[in-house]
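Close look at the chain arrangement
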Amino acid sequence: MPRPIQAVVHLDALQHNLKIAKAAAPNAEVYAVVKANAYGHGIERVYSVFQSADGFALLDLAEAQRLRALGWQGKILLLEGIFAVDDLDVCAALDLSFSLHSQHQITWLTQFQQINPDAKFDVYLKLNSGMNRLGFQAHEYTDIFKQVQALGNVRSVSHMTHFSDADGQRFGQNGIDYQYSMFTQITGSLAGKTSVSNSAAILRHHHHIQSDIVRSGIMLYGSSPDYPDHTIYDWNLQPGMSLRSEIIAIQYIQADESVGYGSNFVAEQAMRIGVVACGYADGYQRISATGTPVLVDSVRTQVLGRVSMDMLTVDLTAVPQATVGSEVVLWGKSSQGEILSIDEVAAGSGTVGYELMCAITARVPVRIES
Ligand SMILES: *Cc1c(COP(=O)(O)O)cnc(C)c1O
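Quick caveat: nothing in here was measured; it's all calculated off a predicted structure. (Residues numbered from 1 in each chain as written. Predicted model: local features only at pLDDT ≥ 70, side-chain atom pairs only at ≥ 80, totals over all residues. Heavy atoms only, no water.)

1. Side note on the UniProt feature "domain: Alanine racemase C-terminal" (unreviewed entry) in the protein chain
Here the UniProt-annotated "domain: Alanine racemase C-terminal" (unreviewed entry) positions come out as residues 240–369. Annotation note: span residues 240–369, helix share 11%, strand share 38%, distance between end C-alpha atoms 10 Å. (UniProt positions renumbered as here; feature names shortened; annotations may be inferred. Helix = DSSP H or I, 4+ residues; strand = E, 2+ residues; numbered from the N terminus.)

Okay, here's the thing in structure tokens:
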């Protein structure tokens, strides 16, 4: 028998979450963000569901190639744009749209007119409205827009920006106001579609902002973009992935005995401990120490002591019937339907659901459940 750890991808949940995104942004085209191999879920695994989105957004040419190989003929947007002039060959061959965030990319696009005079591109000009990672400054944006629009190999120019605080406040104000007002001020009078919203903006702000194309990522996978302000239950999202394993050994420890490396957890009284086949080499965070929630036989309990490479230990006080072979859910849904949200586990580890789902390692077998 293989080691009992397994990641389960729930297609019905992904389908449900996509419906929630469409309902929250009813006037927008909803693009499914599948960067980082669909946030760790696997592009090929989620494709059957997300092909009912209006487009895909990602970063790597290789991932775009995989979508085309699956038969996707619709829109694909490269969120970080091109990394070299040669990438435009691939964009032309695969009909990929891309963001333009810096002058050097415009130079490549200009040069490419000589290299391949027939190629035509849909581009997304990116405004740096305050995130200060990618994009052109407000004062130069309109001139650059006109320059790009005039290029012979540009079919359409859309306007794009990215919010730094769509999930909360910025300097005590509503998180998107500053960026959104700059965006509308600069692009409002220019031709072209707009794309501003990520998951947090779709869920929190779509009643009062306009984004012709929305880029929905994390919410599709069943993690709340603004936890703990809102949980997946508040947003009516379902876990897209469950990380499950089993108890492979039981220990009885006495008061003052410790568990695991560094003797980080010391028992106050005699207790029963379960050893679980899951460790940081599976992608479970080593920092998820004593107190991080887990489900054993669908009952909520906690991690005890340090997570090691291949194992972790859990408190069985609340689960007296648990034994070797009992199901352990590290996050997601138990086979009985009990849910432990990835956001709660992430919060217990000082991180976010995004990081946990992307961190699952190659040695963890994945099963698809429809
Ligand atoms: C990753 C990403 C998104 C998706 O963000 P979520 O918070 O996962 O919805 C949207 N836009 C850009 C530019 C991104 O890089």
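2. Side note on the packing of helix H3 (residues 43–50) against helix H4 (residues 61–69)
Any two packed helices are characterised by the angle at which their axes cross and by the distance between the axes. At a minimum axis separation of 11 Å, H3 and H4 run at an interaxial angle of 55°. In terms of their interaxial angle, H3 and H4 are classed as oblique. Taken as a pair, H3 and H4 cross one another with a handedness that is right-handed. Seen from H3, the contacting residues are Ile43, Glu44 and Tyr47; seen from H4, they are Glu63, Arg66 and Leu67. Broken down by class, the residue content of the contact of H3 with H4 amounts to 3 nonpolar, no polar and 3 charged. (Axes fitted to C-alpha atoms, helices over the stretch in contact; angles between N-to-C directions. Parallel < 35°, antiparallel > 145°, perpendicular 65-115°, else oblique. Left-handed = near helix turned anticlockwise from the far one by under 90°. Contact = heavy atoms within 4.5 Å. Nonpolar A, V, L, I, M, F, W, Y, C, P; charged D, E, K, R; others polar.)

3. Things to note about the UniProt feature "modified residue: N6-(pyridoxal phosphate)lysine" (unreviewed entry) in the protein chain
Mapped onto this structure's residue numbering, the UniProt feature "modified residue: N6-(pyridoxal phosphate)lysine" (unreviewed entry) falls at Lys35. Summarising the element assignment, Lys35 is placed in helix H2 (residues 35–39). We classify Lys35 as partly exposed; its relative accessible area is 30%. In contact with Lys35, not counting residues within four places along its chain, are Ala57, Leu58, Leu59, Glu63 and Leu79. (Buried < 20%, exposed > 50% of the residue type's maximum accessible area, 1.4 Å probe, protein only.)

4. Comments concerning the packing of aromatic side chains
The relative placement of two aromatic rings is captured by the distance of their centres and the angle of their planes. On inspection of all chains with the given rule, the structure shows 8 aromatic pairs. What links up through ring pairs into an aromatic cluster is the set Tyr39, Phe50, Tyr221 and Tyr354. (Phe/Tyr/Trp six-rings, centres within 6.5 Å; stacked < 30°, edge-to-face > 60°.)

5. Re the layout of surface pockets
A water-sized probe rolled over the atoms picks out the places where empty space is left. Its volume calculated, the largest pocket comes out at about 850 Å³. The wall of the largest pocket is formed by 40 residues, among which Lys35, Tyr39, His162, Asn198 and Tyr354 lie closest to the centre. Of all the secondary structure elements, the ones that give two or more residues to the lining of the largest pocket are H2, helix H9 (199–205), strand S11 (213–216), helix H11 (342–348) and helix H12 (353–359). When its residues are assigned to classes, the lining of the largest pocket shows 20 nonpolar, 10 polar and 10 charged. (1 Å grid on protein atoms, 1.4 Å probe; cavity = no way out; pocket = protein on both sides within 12 Å on 5 of 7 lines; lining within 4 Å. Points joined across faces, edges and corners; volume = space filled by probe spheres on them.)

6. Remarks on the pairing of strand S1 (residues 6–10)
In terms of residue burial, S1 counts as a mostly covered element, since 4 of its 5 residues are buried. Across 4 bridges, the pairing between S1 and strand S12 (residues 241–253) is antiparallel. Paired with Val9 across the bridge in S12 is Met241. Examined bridge by bridge, S1 and strand S21 (residues 366–369) share 4 bridges and lie parallel to one another. Looking at S21, one finds that Ala7 is bridged to Val366. (Pairing = 2+ DSSP bridges.)

7. Here's the deal with the site of the ligand
In the vicinity of the ligand, the contacting residues are Val33, Lys35, Tyr39, Leu79, His162, Asn198, Ser199, Arg215, Gly217, Ile218 and Tyr354. A distance of 2.7 Å is found between an oxygen atom of the ligand and a side-chain nitrogen or oxygen belonging to Lys35. Tyr39 places a polar side-chain atom, nitrogen or oxygen, 2.5 Å from an oxygen atom of the ligand. For the ligand, whose free accessible area comes to 390 Å², the fraction covered by protein is 92%. (Near = heavy atom within 4 Å. Polar contact = N/O pair within 3.5 Å; in protein donor to acceptor, adjacent residues only side chain to side chain. Areas by Shrake-Rupley, 256 points an atom, 1.4 Å probe, with all protein chains shown as cover.)

8. Some points on the side chain of Asn17
With respect to the helices and strands, Asn17 occurs in helix H1 (residues 11–24). In this structure the side chain of Asn17 is engaged in a polar contact, spanning 3.0 Å, whose partner is the backbone oxygen of Leu220. Those residues in contact with Asn17 that lie beyond four places of it in its chain are Met219, Leu220, Tyr221, Gly222, Asn236, Leu237 and Gln238.

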